[in-house]
Amino acid sequence: MSLSEIEYTNLAIVLETWDIARFGSKNFEDEFGMVALQRLFVLQPRAKKVFGYDKGEEEGHKHAQVHAKAFAGLFDSVFQMLGPDVDFIADILEQVGQRHKAMGVNPSFFPFMGQALIHSLEHFLGKELTEDQRNAWEEVFDAISNEITKHILS
């Protein structure tokens, strides 16, 4: 799935659920990424090494907190830019991929991150996503993560 193949209806569903979760919590930017990362570490414990947990719990937590804060901001920015001009967002995601490559992120972690993202979203929505919402999120996340992992592997 590429960015240009995202169906408009699925993008609309993602943007709607994102805004409901984002504006429904006063601490969304501070907490969303940490909820997602905590879930990622349950689903794929090897991901903890990327965040420095191999150097100790305190060091890893400090690094994870910084990354977690940026996580919601990154998605917020990407969602605002998704649309007919995919070249611009592709350039941004190329830079994200290069940063992830430099950090030693394994592309195999991305499916787990997608699951963690949905978990965090459901946490902030206070309910499970419907099948249509889940499918929309999976499509959009797959397109975004495919673009990022393409540059991790290059």
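Everything below is about the structure printed above this text.
Before going into details, it helps to say that this report is about the structure given with it. Quick caveat: nothing in here was measured; it's all calculated off a predicted structure.

Cut-offs and rules
- Residues numbered from 1 in each chain as written.
- Predicted model: local features only at pLDDT ≥ 70, side-chain atom pairs only at ≥ 80, totals over all residues.
- Heavy atoms only, no water.
- Phe/Tyr/Trp six-rings, centres within 6.5 Å; stacked < 30°, edge-to-face > 60°.
- Helix = DSSP H or I, 4+ residues; strand = E, 2+ residues; numbered from the N terminus.
- Buried < 20%, exposed > 50% of the residue type's maximum accessible area, 1.4 Å probe, protein only.
- Lys NZ or Arg CZ within 6 Å of the ring centre and 35° of its normal.
- Salt bridge = Lys/Arg side-chain N within 4 Å of Asp/Glu carboxyl O.
- Axes fitted to C-alpha atoms, helices over the stretch in contact; angles between N-to-C directions.
- Parallel < 35°, antiparallel > 145°, perpendicular 65-115°, else oblique.
- Left-handed = near helix turned anticlockwise from the far one by under 90°.
- Contact = heavy atoms within 4.5 Å.
- Nonpolar A, V, L, I, M, F, W, Y, C, P; charged D, E, K, R; others polar.
- Lys, Arg positive; Asp, Glu negative; His and termini not counted.
- Polar contact = N/O pair within 3.5 Å; in protein donor to acceptor, adjacent residues only side chain to side chain.
- Expected span 1.5 Å × (residues − 1).

1. A word on the packing of aromatic side chains
Taken as a whole, this structure holds 15 aromatic pairs when the rule is applied. Centroid distance Trp18 to Phe32: 5.2 Å. Interplanar angle 80°. Geometry classified as edge-to-face. Taken together, the residues Trp18 in helix H1 (residues 8-23) and Phe32 in helix H2 (residues 28-43) connect sequence positions 14 residues apart. Residue Trp18 is classed as buried on the basis of its relative accessible area, which comes to 1%. Each ring, one from Trp18 and one from Phe75, has its centre 6.3 Å from the other, and the planes form 45°; the classification is tilted. Remark: Phe75 occurs in helix H3 (residues 57-81) and Trp18 occurs in helix H1; sequence separation between them is 57 residues. The burial state of Trp18 is the same as that of Phe75; both residues are buried. Taken together, the ring pairs connect Trp18, Phe28, Phe32, Phe71, Phe75, Phe79, Phe124, Trp137 and Phe141 into an aromatic cluster. Here the guanidinium or amino end of Lys48 rests over the ring plane of Tyr53, the centre of that ring lying 4.7 Å away.

2. Observations concerning the pattern of salt bridges
Tallying each qualifying case throughout the model produces six salt bridges. We note a salt bridge from Lys62 to Glu59, for which the minimum N-O separation is 3.9 Å. Of this pair, Lys62 and Glu59 both sit in helix H3, separated by three residues, roughly a single helical turn. In this structure Lys62 comes out as partly exposed when scored by relative accessible area, which is 47%.

3. Considering the packing of H1 against helix H5 (residues 110-125)
Where H1 meets H5, the closest approach of the two axes is 8 Å, and the angle between their N-to-C directions is 55°. Taken together, the axis directions place H1 and H5 in an arrangement best described as oblique. Here H1 runs over H5; the crossing is left-handed. Residue-level inspection shows Thr17, Trp18, Ile20 and Ala21 of H1 in contact with H5, the latter providing Leu121, Phe124 and Leu125. In terms of residue class, the contact of H1 with H5 is made up of six nonpolar, one polar and no charged.

4. Some words on the side chain of Glu139
Within the element layout of this structure, Glu139 appears in helix H6 (residues 131-152). Despite its burial, Glu139 pairs with no opposite charge; the closest candidate is Arg134, at 14 Å N-O. Polar contacts involving the side chain of Glu139 include one to the side chain of Asn10, which spans 2.9 Å. If sequence neighbours within four positions are ignored, Glu139 has contacts with Met1, Glu5, Ile6, Glu7 and Asn10.

5. Some words on H3
Between its terminal C-alpha atoms H3 stretches 36 Å, which fits the 36 Å expected from 25 residues at 1.5 Å a residue. The set of residues buried in H3 consists of Gly60, Ala64, Ala68, Phe71, Ala72, Phe75, Asp76, Val78 and Phe79. Looking at the packing, one finds that the buried side of H3 touches H1, H2, helix H4 (86-103), H5 and H6.

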